[in-house]
Amino acid sequence: MTHVVLVAGPWLAGTTSLVAALRDRMPEHRVLEAAELAAGEAPAAVVFVVSAAAPLTASDCALLDVVAAGTDAVIAVVSKIDVHRTWREVLAADQALLTERAARYRELPWVGVAAAPDLGLPVVDDLVTALRTVLADNTLTRRNRLRAKENRLLTADGAAREGCVAALRDQRAAVLRRFRLDKSERTIAMRSQIQQARVRLSSFARARCASARTELQDDVAALTRRGLAGFTDEVRRRAAEVGDDVRDEVTGHLADVVEQLGLASDVATPEGPRYEVGAAPVRSRNAETRLMMLLGAGFGLGIALTITRLLADLAPQWALRGAIGGAVLGLIVTLWVVSVRGLLRDRAVLDRWVVEVTAGLRTAMEEWVATQVLAAEASMGRAGAERDAVDGADMEDAVARIDAEIREQTVRRARAAAVRDRAVAAVRAELEGERLRLWPSESFL
Ligand SMILES: Nc1nc2c(ncn2[C@@H]2O[C@H](COP(=O)(O)OP(=O)(O)OP(=O)(O)O)[C@@H](O)[C@H]2O)c(=O)[nH]1
Ligand SMILES: [Mg+2]
């Protein structure tokens with residue numbers, strides 16, 4: 001009967017060489033390396049190869065556990081005995097190590113081989129003999145089946161539940177991580193939005209004040225004497241307009257930010273910023289005005305005299321009328337010069353005043369914007385904290401649910417483990433029975 005023999009061992013143990021040698025000597029069986037074993041295919045016997053160069057390491061033992069998990073017939077092999085003269089000591093040390101590890105390894109048959117010696121033919125006779133004995137044993141199939149069953153009992157159920165608990169733990173960690181991440185992401189987003197709003201809104205306020213100043217200066221440049229009286233009201237109206245615009249922009253933008261951040265905070269529409277514009281400076285009748293009048297009068301007198309003299313020379317019969325006309329014209333010119341000069345002076349005064357007023361307006365607007373942004377920040381901070389609290393409660397609920405499930409799984413696992421232990425004990429008892437039949441004097445499970 002053809003059996004599948006698995007040859008496995010740690011790195012560079014000499015597995016491939018031994019497989020070649022065994023295939024040569026036992027063509028009636030399929031000798032495979034671990035990688036050649038089809039999924040789900042169970043070997044009838046396992047040859048575990050370790051080099052005679054050094055004793056087994058912990059990872060080598062773990063490898064043996066894995067390859068021998070579903071097969072009861074295992075033969076341990078120390079390889080390269082042609083070059084390692086101390087192979088018997090190494091074999092004894094390995095044997096002692098495995099005896100410590102598990103009861104089932106206590107009676108493991110050990111042989112030394114040299115599958116690819118530097119000189120001469122392969123030395124695998126002992127192994128071939130041992131393998132043939134093991135494979136010829138009529139309890140082999142049953143023992144392997146029982147060992148596989150024990151392995152399934154030990155791993156399948158436990159692995160499934162372990163997987164389930166591990167998934168729950170992952171889920172729990174993910175919930176916590178998401179909450180922390182969301183929270184810090186939101187905090188960062190809020191800070192950045194508030195900073196942007198601060199910059200944007202104060203620059204809007206500045207720009208709006210600058211445009212108001214330009215407009216008012218244009219108005220001043222075109223101001224007539226009649227318009228002078230109403231100019232203060234015009235400036236007040238414009239200042240109020242600027243205040244309204246700034247308020248609309250600020251409330252609109254802050255509401256957008258609140259919406260973008262998905263906060264429940266309602267930034268209440270505030271009272272718009274108000275800036276008290278004082279009365280325009282009155283025209284003062286000071287020395288400058290008097291000087292202006294004097295100069296105007298001089299200019300007018302000059303014109304009057306010139307006209308009078310001109311007419312007296314050219315048409316003496318018109319001299320009297322010319323003198324009267326000249327005097328009238330001189331008077332008119334005097335009044336005109338004085339009034340125009342006065343208007344220009346008033347405009348210059350008002351221009352300076354407009355600059356002062358808009359500078360004050362700008363400061364007031366900037367202060368108001370800063371206060372609003374600060375208030376909005378505080379209110380959003382509160383709303384954010386409330387939302388975090390709600391999210392935190394949700395997160396705690398989710399974590400508590402997962403914890404409860406983990407507890408439930410653990411209890412279920414403990415119950416299943418108890419059931420499984422009884423089943424494994426039964427399988428082991430059966431296996432021991434088989435072995436006692438094979439080697440009546442020993443008991444070693
Ligand atoms: N002297 C001597 N060298 C051997 C013997 N068996 C294998 N070697 C040498 O040990 C090295 C590894 O042999 P492999 O058979 O490839 O070992 P392996 O376990 O398949 O190695 P990996 O697949 O690479 O892990 C090679 O250089 C072999 O020539 C032996 O019995 N005696
Ligand atoms: Mg190999």
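Predicted, not measured: the structure shown is a model, and the values here were computed from it. (Residues numbered from 1 in each chain as written. Chains lettered and ligands numbered in written order. Predicted model: local features only at pLDDT ≥ 70, side-chain atom pairs only at ≥ 80, totals over all residues. Heavy atoms only, no water.)

Peer 1: Break down the overall build of the protein chain for me, citing the residues and quoting the values.
Peer 2: From N to C terminus, the protein chain includes eight helices and five strands. Taken from the N to the C terminus, the helices and strands of the protein chain come in the order β-α-β-β-α-β-α-β-α-α-α-α-α. When its C-alpha atoms are laid out on the principal axes, the protein chain stretches across 170 × 55 × 35 Å. Looking at the 445 residues of the protein chain, the share that counts as buried comes to 38%. Across the protein chain, every contact between residues at least 6 apart in sequence was considered, and the portion connecting residues at least 24 apart equals 83%. With an accessible surface of roughly 25,100 Å², the protein chain has 59% of that area assigned to carbon and sulfur atoms. Of the charged side chains in the protein chain, 59 are positive and 60 negative, and the gap between their average positions amounts to 5 Å. (Helix = DSSP H or I, 4+ residues; strand = E, 2+ residues; numbered from the N terminus. Buried < 20%, exposed > 50% of the residue type's maximum accessible area, 1.4 Å probe, protein only. Contact = heavy atoms within 4.5 Å. Areas by Shrake-Rupley, 256 points an atom, 1.4 Å probe, with all protein chains shown as cover. Lys, Arg positive; Asp, Glu negative; His and termini not counted. Charge placed at Lys NZ, Arg CZ, Asp CG, Glu CD.)

Peer 1: I'd like a rundown of the UniProt feature "transmembrane region" (unreviewed entry) in the protein chain, residues and numbers included.
Peer 2: Within the UniProt annotation, "transmembrane region" (unreviewed entry) is assigned to residues 291-312 and 318-338. With 100% helix and 0% strand, the stretch residues 291-312 has end C-alpha atoms that lie 31 Å from each other. In residues 318-338, the share of helix is 95% and the share of strand is 0%. The end C-alpha atoms are 29 Å apart. (UniProt positions renumbered as here; feature names shortened; annotations may be inferred.)

Peer 1: Lay out the site of ligand 1 with the relevant residues and their values.
Peer 2: Around ligand 1, the structure places 15 residues, and the nearest of them are Leu 12, Gly 14, Thr 15, Thr 16 and Ser 17. Thr 16 places a polar side-chain atom, nitrogen or oxygen, 2.5 Å from an oxygen atom of ligand 1. Note that an oxygen atom of ligand 1 is positioned 3.0 Å from one of the backbone N or O atoms of Ala 115. Calculation on ligand 1 without its partners gives an accessible area of 630 Å², and the protein chains cover 68% of this total. Of the residues assigned to the shell around ligand 1, the class counts are eight nonpolar, four polar and three charged. (Near = heavy atom within 4 Å. Polar contact = N/O pair within 3.5 Å; in protein donor to acceptor, adjacent residues only side chain to side chain. Nonpolar A, V, L, I, M, F, W, Y, C, P; charged D, E, K, R; others polar.)

Peer 1: Could you give an account of the domain arrangement of the protein chain, naming the residues involved and the relevant values?
Peer 2: Under the domain assignment, the protein chain is made up of domain 1 (4-136) and domain 2 (175-404). The straight-line distance from the C-alpha centre of domain 1 to that of domain 2 is 96 Å. (Domains from an automatic or database assignment.)

Peer 1: Report on the pattern of salt bridges, specifying residues and quantitative values.
Peer 2: Within this structure, the stated rule accounts for 31 salt bridges. Taking the shortest distance from any N to any O, the salt bridge between Arg 147 and Glu 150 comes out at 2.9 Å. With Arg 147 and Glu 150 both in helix H5 (residues 140-221), this residue pair falls three residues apart, about one helical turn. Each member of the pair Arg 147 and Glu 150 is classed as buried. The residue Arg 420 makes a salt bridge to Asp 421 at a minimum N-O spacing of 3.6 Å. The class of Arg 420 is buried, set by a relative accessible area of 18%. (Salt bridge = Lys/Arg side-chain N within 4 Å of Asp/Glu carboxyl O.)

Peer 1: Could you give me a rundown of empty space enclosed by the protein, with the residues and numbers involved?
Peer 2: If you walk through the whole model with that rule in mind, you get one cavity of 30 Å³ or more. Volume-wise, the largest cavity comes out at about 30 Å³. What lines the largest cavity is simply Ala 212, Leu 216, Val 235, Arg 238, Ala 239, Val 357, Thr 358 and Leu 361. For the lining of the largest cavity, the class distribution of residues is six nonpolar, one polar and one charged. (1 Å grid on protein atoms, 1.4 Å probe; cavity = no way out; pocket = protein on both sides within 12 Å on 5 of 7 lines; lining within 4 Å. Points joined across faces, edges and corners; volume = space filled by probe spheres on them.)

Peer 1: With reference to specific residues and values, describe the nonpolar core.
Peer 2: By size, the foremost hydrophobic cluster in this structure holds 37 residues, and its most contacted members are Phe 231, Val 246, Leu 350, Trp 353, Val 369 and Met 380. Only H5, helix H6 (227-260) and helix H8 (319-438) provide two or more residues apiece to this core. Of all the elements, H8 adds the most residues to this core, at 13 residues. In this view, Val 246 contacts Phe 204, Ala 205, Pro 273, Met 365, Trp 368 and Val 369; residues no more than four positions away in its chain are not counted. Val 5, Ala 21, Val 47 and Ala 73 belong to the second largest nonpolar core, which has 27 residues in total. (Core = buried A, V, L, I, M, F, W, Y, C linked by side-chain atoms within 4.5 Å.)

Peer 1: Pulling in residues and values, what's your account of helix H7 (residues 287-314)?
Peer 2: Relative to the 40 Å expected for 28 residues at 1.5 Å per residue, H7 spans 40 Å between its end C-alpha atoms, a close match to the ideal helical length. By the burial criterion, the buried members of H7 are Thr 289, Met 292, Gly 296, Gly 300 and Ala 304. (Expected span 1.5 Å × (residues − 1).)

Peer 1: Give me the lowdown on unusual backbone geometry, citing residues and values where you can.
Peer 2: In this model, Leu 12 sits at a positive phi of 60 degrees, which is unusual for a non-glycine residue. Even without glycine at this site, Lys 80 takes up a positive phi of about 65 degrees. If you trace the backbone, Lys 80 turns up in the loop between strand E4 (74-79) and helix H3 (87-101). Lys 80 gets classed as partly exposed once you look at its relative accessible area, which sits at 30%.

Peer 1: So what about a nonpolar patch on the surface? Which residues, and what values?
Peer 2: Residues Leu 320, Ile 324, Val 328, Leu 329 and Ile 332 make up a contiguous nonpolar surface patch of about 480 Å² in total accessible area. Considering the arrangement of structural elements, one finds Ile 324 in helix H8. (Patch = residues over 30% accessible without salt bridge, like charges linked within 9 Å, V, L, I, M, F, W, Y side chains within 5 Å.)

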